[in-house]
Protein chains: 2
Amino acid sequence: MGVYPVRSPSGIVPEHDFALTGDDTPFHLEGGRTLANVNVRYETYGNLNDDRSNAILVLHAFSGDAHAAGLHHPDDPTAGWWDLMIGPGRALDTNRYFVISSNVLGSCSGTTGPSSTDPDTGQRYAMRFPFVTIGDMVRLQHQLVTHLGIERLFAVVGGSMGGMQALDWAVRYPHAMERVVLLATTAQLSAQAIAFNEVGRNAIMSDPLWENGDYYDGPVPARGLAVARMIGHITYLSSESMRMKFGRRLQRGDAFAFDANDQFAVESYLAYQGEKFVDRFDANSYIYLSRAMDYFDLSVRYPHLEGAFAATRAAFLIISYSSDWLFTTAQSKEIVYALARAGRDVSYTEIDSPYGHDAFLLEHEIQSELVARFLASPRVYRGQHNEI
Amino acid sequence: MGVYPVRSPSGIVPEHDFALTGDDTPFHLEGGRTLANVNVRYETYGNLNDDRSNAILVLHAFSGDAHAAGLHHPDDPTAGWWDLMIGPGRALDTNRYFVISSNVLGSCSGTTGPSSTDPDTGQRYAMRFPFVTIGDMVRLQHQLVTHLGIERLFAVVGGSMGGMQALDWAVRYPHAMERVVLLATTAQLSAQAIAFNEVGRNAIMSDPLWENGDYYDGPVPARGLAVARMIGHITYLSSESMRMKFGRRLQRGDAFAFDANDQFAVESYLAYQGEKFVDRFDANSYIYLSRAMDYFDLSVRYPHLEGAFAATRAAFLIISYSSDWLFTTAQSKEIVYALARAGRDVSYTEIDSPYGHDAFLLEHEIQSELVARFLASPRVYRGQHNEI
């Protein structure tokens, strides 16, 4: 405790682009379609060592981007989304590790997605973009890692949708990493989470400005996207954290006016979150990425989840958060049990936190200690010995 | 168990209207405004006894109406919303009790609400309707009960928003009932529940067909109202019941097409619930009734919830449901503890159920036994003795 205080952003970082060319293009998708001219936006922090053995791939969540740490410009108001975890002396210590973060396929922050231009037509893809999967995101990340000259990652690390990607990495490329860190994630999206995603998509698609996705030459479906984000935010917090943060406090005054001006603090917060999101996220990407999560079910090709892990070689650290009701402790334990039954090296803990699903972005002190010690601890890399 | 099997609807019941006239009108609201020409739609089941001591007032939830039991016409496809609990031999036994059920103020099923015509203008109220409270609903119900010649109810019974009304009854008219039954309810709406209500309202008000509430001469804001209802339905179920009922099953086929035709069973269910709701509920009533719930905080005028119960005289039965995450067991226990500290007669149980908040509409077998035994048990009516 107290070993990992909040510090200033870890430095100024540039953005990079990796464009698939030659044998890598077109990029074949699990759904059967292909994509030409795929671009991947990524950032790196720290330095790759001489034997290229210190690379850690960080995998972002639903609304994240490649900008995981540091600043792009000295006057940026905020640092990358996981700056508390990435930097010199932090859990993903850039004095020791070379950290890679890339924007996922289908998103809207530099990597090809529905808001990109289709080279065949010169028009935005919009809803003509193919539906993508967590596996497609991972296969594209694998091409980036190969492009960077790395055969085996030291670790893949991801929370929420990033954890889904980390799970897919471990199963799809079992020899490509030594360690896997899974935070607040699940091996398959629950019916309730699919339901929340569907309501968000409905809110977007019910906005007349959505225009079947072809809104790029006019106003965006801001109200629908804001409603979708408001729903999302409720699921990222817990009832307890909302009680602590807002309770029944009014935004203005201390008594109801019993008119349309009454506003609870929690309403003002959600409205602000909804508006802010519209400025940085593409409504069609919301549809595609939420669908990719819906599709995710690691066990679907196996009789049991244990079967999915039979080929894995990495050591796993799994963390869940007590008040996370979107991706619950029970869902993390399913992964832990399946890995244990498959005879894999797995460490697990639940962090006691009131912050709900967002805890993996907030509980940096205890999380930093757990992740740093897991990464520093000696582990037997099972892939060298051809063990099962 | 098995004593209260599902039976056919308890009979054909007529609808009644009670129009406030004379000294009762205009009806003064807690927010300071008044309403002229208020109408109350109600139904009754069973017969009032000679000393008028066997009346039970049933209070409906957010989207309910006066039609709690029986059929209006022999060919009705479904019976009233609580037919499993009301009828000859059922928990609210119409061979013993005279059951009254009325549509709440602000709703859209016969009682005055935003879709009613403002007698001053000849136009629909729409958003010119005054904001109403749970207390306003209760004060109107009290006028109905008085109109029916009943000075003291045998019991008031309500679940969810109906439970809020029952709580308000017990505090506002402490001598007006012997018993109170509270199911799946709370003494104050949580920040999370306010947040869900606000997102639903936003979905409605973002629909361009809403037209600031003045949609009555044209198409209704169906898509916005459907999205609001979808959100509501997720909160009425539990993650466990959604897993049991839908899991990750697809609506059509057994493999993803990876196109816009993919649909999970849970998505189809929500879409159906959303569409069905639009046919029977008014979007403006959604706004007003959800706001009335947001406003509800029984303890707001007291230092502690216990203080609110100091004046009550009734005996209480409180039931919560283990998987209800909208109005939780913890919230019911707050009421139980406050009643116990105030020295009141209170019985409490949690029913172990996977059905979430909807359990109070579904767990009729065990619920019937608990409610029937509570109503039949001897209790000391404290109001006679001027205690505390």
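All values derive from a computational prediction rather than experimental measurement. (Residues numbered from 1 in each chain as written. Chains lettered and ligands numbered in written order. Predicted model: local features only at pLDDT ≥ 70, side-chain atom pairs only at ≥ 80, totals over all residues. Heavy atoms only, no water.)

## Some points on the relation of the copies chain B and chain A
Consideration 1: Mapping chain B onto chain A is achieved by rotating through 180 degrees and translating by 0.0 Å along the same axis, at an RMSD of 0.0 Å. Such a combination of turn and shift is consistent with a two-fold rotation axis.
Consideration 2: Take the interface residues of chain B: 100% of them recur as interface residues in chain A, which is what a same-surface contact looks like. (Least-squares fit on C-alpha atoms with pLDDT ≥ 70 in both. Contact = heavy atoms within 4.5 Å.)

## Observations regarding the pattern of salt bridges
Residue and element names in this part refer to chain A.
Consideration 1: Taken as a whole and judged by the stated rule, the model has 34 salt bridges over all chains.
Consideration 2: The salt bridge partner of arginine 291 is aspartate 294, with a shortest N-O separation of 2.8 Å. Note that arginine 291 and aspartate 294 are positioned in helix 7 (residues 283-295) at a spacing of three residues, about one turn of the helix.
Consideration 3: Residue arginine 291 is classed as buried on the basis of its relative accessible area, which comes to 5%. (Salt bridge = Lys/Arg side-chain N within 4 Å of Asp/Glu carboxyl O. Helix = DSSP H or I, 4+ residues; strand = E, 2+ residues; numbered from the N terminus. Buried < 20%, exposed > 50% of the residue type's maximum accessible area, 1.4 Å probe, protein only.)

## Considering a nonpolar patch on the surface
Consideration 1: Among the surface-exposed residues, A:Met244, A:Tyr355 and A:Leu362 lie close enough to one another that they form a single nonpolar patch of about 280 Å² accessible area.
Consideration 2: Positionally, A:Met244 belongs in helix 5 (residues 239-245). (Patch = residues over 30% accessible without salt bridge, like charges linked within 9 Å, V, L, I, M, F, W, Y side chains within 5 Å. Areas by Shrake-Rupley, 256 points an atom, 1.4 Å probe, with all protein chains shown as cover.)

## Remarks on the domain arrangement of chain A
All names here are of chain A.
Consideration 1: As assigned here, chain A comprises domain 1 (16-189 + 297-385) and domain 2 (193-292).
Consideration 2: Relative to domain 2, the C-alpha centre of domain 1 lies at a distance of 26 Å.
Consideration 3: Contact residues are listed per partner, giving 30 residues for domain 1 and 31 residues for domain 2.
Consideration 4: By the criterion of area lost to domain 2, the three top residues of domain 1 are Phe62, Met127 and Trp325, representing 26% of everything that side buries.
Consideration 5: Taken together, domain 1 and domain 2 are joined by one salt bridge.
Consideration 6: As a salt-bridge pair, arginine 128 and aspartate 214 come within 2.8 Å of each other at their nearest N and O atoms.
Consideration 7: Across the domain 1-domain 2 interface, the total number found is twelve residue pairs in polar contact (both at pLDDT 80 or more). (Domains from an automatic or database assignment. Buried area = accessible area lost by both parts, 1.4 Å probe. Polar contact = N/O pair within 3.5 Å; in protein donor to acceptor, adjacent residues only side chain to side chain.)

## Notes on the nonpolar core
If you look at soluble globular proteins, the nonpolar side chains tend to sit buried side by side.
Consideration 1: Counting 200 residues, the largest nonpolar core has A:Trp169 and B:Trp169 as the members making the most contacts within it.
Consideration 2: B:Trp169 has contacts with B:Leu57, B:Leu59, B:Val138, B:Gln141, B:His142, B:Val145, B:Leu153, B:Val156, B:Pro174, B:Ala176 and B:Met177, leaving out every residue within four places of it along the chain. (Core = buried A, V, L, I, M, F, W, Y, C linked by side-chain atoms within 4.5 Å.)

## Some remarks on unusual backbone geometry
For residues that are not glycine, phi is negative in most cases, and the peptide bond is trans in most cases.
Consideration 1: The backbone of A:Ala184 shows a phi angle near 45 degrees, a positive value even though the residue is not glycine.
Consideration 2: With respect to the helices and strands, A:Ala184 occurs in the loop between strand 10 (177-183) and helix 3 (191-206).
Consideration 3: With phi around 55 degrees, B:Arg52 is a residue other than glycine that occupies positive phi space.
Consideration 4: With respect to the secondary-structure elements, B:Arg52 resides in the loop between strand 4 (39-45) and strand 5 (55-59).
Consideration 5: Given the relative accessible area of 40%, B:Arg52 is considered partly exposed.

## Some words on the side chain of B:Asp136
Residue and element names in this part refer to chain B.
Consideration 1: Turning to its location among the elements, aspartate 136 is positioned in helix 1 (residues 134-147).
Consideration 2: Residue aspartate 136 is classed as buried on the basis of its relative accessible area of 0%.
Consideration 3: With residues up to four places along the chain from it excluded, the contact list for aspartate 136 reads Phe27, His28, Leu29, Glu30, Leu105 and Phe131.

## Notes on the pairing of strand 5 of chain B
Residue and element names in this part refer to chain B.
Consideration 1: Of all the five residues making up strand 5, five are buried; the element is thus mostly covered by neighbouring parts of the structure.
Consideration 2: Across the two faces of strand 5 the burial is the same, with Ala55, Leu57 and Leu59 and Ile56 and Val58 all buried.
Consideration 3: Bridge count for strand 5 against strand 8 (residues 98-102) is four bridges, and the pairing is parallel. Bridging across to strand 8, valine 58 finds its partner in serine 101.
Consideration 4: Inspection of the sheet shows strand 5 paired to strand 9 (residues 153-159) by four bridges, in the parallel sense. The partner of isoleucine 56 across the bridge, within strand 9, is alanine 155. (Pairing = 2+ DSSP bridges.)

## Structural notes on the interface of chain B and chain A
Consideration 1: Opposite the 47 residues of chain B that make contact, chain A presents 47 residues.
Consideration 2: For the pair chain B and chain A, the two sides together bury roughly 4000 Å², of which 68% comes from carbon and sulfur.
Consideration 3: Contact with chain A buries area across many residues of chain B, yet B:Arg248, B:Phe258 and B:Tyr295 alone supply 18% of it, more than any other trio.
Consideration 4: Two residues, A:Asp297 and B:Arg248, come together in a salt bridge whose shortest N-O distance is 3.4 Å.
Consideration 5: Counting the contacts that link chain B with chain A gives 20 residue pairs in polar contact (both at pLDDT 80 or more).
Consideration 6: Looking at the side of chain B that touches chain A, the elements that each hand over two or more residues are helix 3 (191-206), helix 4 (222-236), helix 5 (239-245), helix 6 (265-278) and helix 7 (283-295) of chain B.

## Observations concerning the packing of helix 3 of chain B against helix 4 of chain B
Residues and elements named next belong to chain B.
Consideration 1: Where helix 3 meets helix 4, the closest approach of the two axes is 7 Å, and the angle between their N-to-C directions is 160 degrees. Taken together, the axes of helix 3 and helix 4 lie roughly antiparallel to each other. Helix-helix and strand crossings are classified by hand; for helix 3 and helix 4 the assignment is right-handed. On helix 4, the residues that touch Phe196, Val199, Gly200, Ala203 and Ile204 of helix 3 are Gly224, Leu225, Val227, Ala228, Ile231 and Thr235.
Consideration 2: Residue classes in the contact of helix 3 with helix 4 are distributed as eight nonpolar, three polar and no charged. (Axes fitted to C-alpha atoms, helices over the stretch in contact; angles between N-to-C directions. Parallel < 35°, antiparallel > 145°, perpendicular 65-115°, else oblique. Left-handed = near helix turned anticlockwise from the far one by under 90°. Nonpolar A, V, L, I, M, F, W, Y, C, P; charged D, E, K, R; others polar.)

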